[in-house]
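Here's the letter readout for the chains.
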Amino acid sequence: MAITRKCFHFSLLLAATAQIVSAQSAPSQSQRPQIRITTQSTETGDFQSWIQTFRDRALAQGINADLFDNAMANARYDDDVIRRDRNQAEFTKTIWDYLSTAVSETRIANGQKALDRHRSVLEQIEADYGVDKQIILAIWGLESAYGTFRGSSSVISSLTTLAADSRRAAFFESELLLALKILQDGHTTPTQMKGSWAGAMGHTQFMPSSFTNLAVDYTGDGRKDIWSDDPTDALASTANYLRHHGWTKGQPWGVEVTLPDNFDYTSARRDNMMLPSEWAALGVFGLNGQAVPDHAPASILLPAGHKGAAFMIFPNFAVLERYNTADAYVIGVGHLGDRILGGPGIAHSWPLQDRALTLEERLDLQRRLTAAGFDTEKIDGKIGPLTINAVRAYQIHEGLAPDGYASLAILNRLRR
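Quick caveat, the model's predicted, so the values are computed rather than measured.

A.B. asks: Give me the lowdown on the confidence of the model for the chain, citing residues and values where you can.
C.D. replies: Scored by pLDDT, the chain comes out at a mean of 88, with 88% of its residues at no less than 70. For residues 3-45, every residue scores under 50 in pLDDT, and the model assigns this stretch 161 contacts once sequence neighbours within four places are set aside.

Below, the structure written as structure tokens:
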């Protein structure tokens, strides 16, 4: 999903074609619907009180009062939204479990059918924006199963729930305000603005901020319509998003590689970038036994440690992270795109005996690493570069393969 910070991988949006009712046809003050809010207690206080105070802020930012009241009339606090915000799939599944769904044979086959069906417009978008068509297709496939499931949640309710929740209140209040502006500009209606639990919308799940900044009217009908059955505007908007963030056409997102027996795992860091020919000099080759072409400087990624597949990743990997920062998601998009074009599956095995750490286990791992002198800098339950570096430092101290893999075995060792 296109968002401006880290990631959410979202459930998705129902089709919509109708425009928003104009301000001229909005109900009068006397006819204005009463805001019906389910009163809930949140960390920021009473939900209904929050929405009333937000109304003043929204109107001060130029939102029409009648539009606000109409859009918010059926808003409700959704406990499920908060639960899912704390438990996103890319961060709670193993990479192999995630990929088994993200790059399933069904999704590959449906992607190939979608390519045949939309080849002309995808090739035109590729030519206009310089973004490879299979990547656009793969994002579409992961975000909405090629438009077949675009979401059923009220975007306004979801964003209001998240804005009233203190964990990321400022971010989601900003998104909610932009969603109201999208309605005010007539791109869709409150009823048709359905989407994911996190407020992402359309075929390729744009957050309101990404829509505002980078959605395009590729069909030329005067609306940036990412909701309707016709995916054209959504696909072009996705290409525009990736181009804006630096996509290089023809450069791989990544390539599966083989590592030599004496590989220095401390070199498998995102900040250690070398040309593929330089990696080849260290014994790192493509699956064909040859040096990977020198597309650009690249780093080595070990998403499941030294017992799983290894990837040589290029700058386009970081571009896809602007859509969703989870490594699993980026690998899923890239690999699905490759498979749609007939590429092979991942050759190396995964450590199937492992399981994903729970949130509490990830927090415990970070606390124990920090207490042992290997500071993760954050205790947030997210296994990002800081935690990976701390795990690697601990592995070096313990004489283990320093691959940075945050496994249950490492946690159990720290618990001894």
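A.B. asks: Can you lay out the nonpolar core for me, pointing to particular residues and giving the numbers?
C.D. replies: Generally speaking, soluble globular proteins have nonpolar side chains that are buried together. Residues Leu180, Met193, Leu242 and Leu320 are the most contacted members of the largest nonpolar core, which totals 89 residues. Here this core gets 8 residues from one element, more than from any other, and that element is helix α9 (residues 169-184). In contact with Leu180, not counting residues within four places along its chain, are Phe54, Ala58, Ile63, Leu67, Phe68, Ala71 and Ile156. Core analysis: the next-biggest nonpolar cluster, separate from the first, contains 15 residues, Ala268, Trp279, Val292 and Ala298 among them.

A.B. asks: With reference to specific residues and values, describe the environment of Arg57.
C.D. replies: Among the structural elements, Arg57 can be located in helix α1 (residues 47-60). For the pair Arg57 and Leu177, spaced 120 residues apart in the sequence, the C-alpha separation amounts to 9.1 Å.

A.B. asks: Could you give me a rundown of the pairing of strand β8 (residues 310-313), with the residues and numbers involved?
C.D. replies: What you see with β8 is no split at all: Ala310 and Met312 on one side and Phe311 and Ile313 on the other are buried throughout. Here strand β5 (residues 254-258) runs beside β8; their pairing, made up of 4 bridges, is antiparallel. From the neighbouring strand, Val257 faces β8, where its bridge partner is Ala310. Pairing geometry for strand β7 (residues 299-301) and β8, over 3 bridges, is antiparallel. Bridge pairing links Ile300 to Met312 in β8.

A.B. asks: So what's going on with α9? Residues and values would help.
C.D. replies: Since the α-helix turns once every 3.6 residues, residues separated by three or four places project in the same direction. End to end, α9 covers 22 Å across 16 residues, agreeing with the expected 22 Å (1.5 Å per residue, within 8%). Listed as buried for α9 are Phe171, Phe172, Glu175, Leu176, Leu177, Leu178, Ala179, Leu180, Ile182 and Leu183. Looking at the packing, one finds that the buried side of α9 touches α1, α2 (65-72), α8 (155-164) and α10 (208-214).

A.B. asks: Can you explain the pattern of salt bridges? Please cite residues and give values.
C.D. replies: Scanning the model with the defined rule gives 19 salt bridges in all. Between Arg368 and Asp364 there is a salt bridge; the shortest N-O distance is 2.9 Å. Here the residue Arg368 and the residue Asp364 both occupy positions in helix α15 (residues 359-371), the gap between them amounting to 4 residues, near one helical turn. A residue is classified by how much of its surface remains accessible, and Asp364, at 13% relative accessible area, is buried.

A.B. asks: A description of the packing of helix α6 (residues 105-129) against helix α11 (residues 232-244) should follow, citing residues and the corresponding values.
C.D. replies: Two packed helices can be described by the angle between their axes and the distance between those axes. α11 packs onto α6 with a crossing angle of 25° between their chain directions and a minimal axis gap of 10 Å. When the axes of α6 and α11 are compared, the pair comes out roughly parallel. When you trace α6 past α11, the crossing you get is right-handed. Judged by residue contacts, Val121, Leu122, Ile125, Asp128 and Tyr129 of α6 engage Thr232, Leu235, Ala236, Ala239, Asn240 and Arg243 from α11. For the contact of α6 with α11, a count of residues per class yields 7 nonpolar, 2 polar and 2 charged.

A.B. asks: Got a sec to walk through the packing of aromatic side chains? Specific residues and values, please.
C.D. replies: With the rule as written, the count across this model stands at 16 aromatic pairs. Centroid distance Trp140 to Tyr146: 5.8 Å. Interplanar angle 85°. Geometry classified as edge-to-face. A relative accessible area of 8% places Tyr146 in the buried class. Taken together, the aromatic side chains of Trp50, Phe54 and Phe68 make up a single cluster linked through ring pairs.

What counts, and at which threshold
Residues numbered from 1 in each chain as written. Predicted model: local features only at pLDDT ≥ 70, side-chain atom pairs only at ≥ 80, totals over all residues. Heavy atoms only, no water. pLDDT = per-residue confidence, 0-100. Contact = heavy atoms within 4.5 Å. Core = buried A, V, L, I, M, F, W, Y, C linked by side-chain atoms within 4.5 Å. Buried < 20%, exposed > 50% of the residue type's maximum accessible area, 1.4 Å probe, protein only. Helix = DSSP H or I, 4+ residues; strand = E, 2+ residues; numbered from the N terminus. Pairing = 2+ DSSP bridges. Expected span 1.5 Å × (residues − 1). Salt bridge = Lys/Arg side-chain N within 4 Å of Asp/Glu carboxyl O. Axes fitted to C-alpha atoms, helices over the stretch in contact; angles between N-to-C directions. Parallel < 35°, antiparallel > 145°, perpendicular 65-115°, else oblique. Left-handed = near helix turned anticlockwise from the far one by under 90°. Nonpolar A, V, L, I, M, F, W, Y, C, P; charged D, E, K, R; others polar. Phe/Tyr/Trp six-rings, centres within 6.5 Å; stacked < 30°, edge-to-face > 60°.

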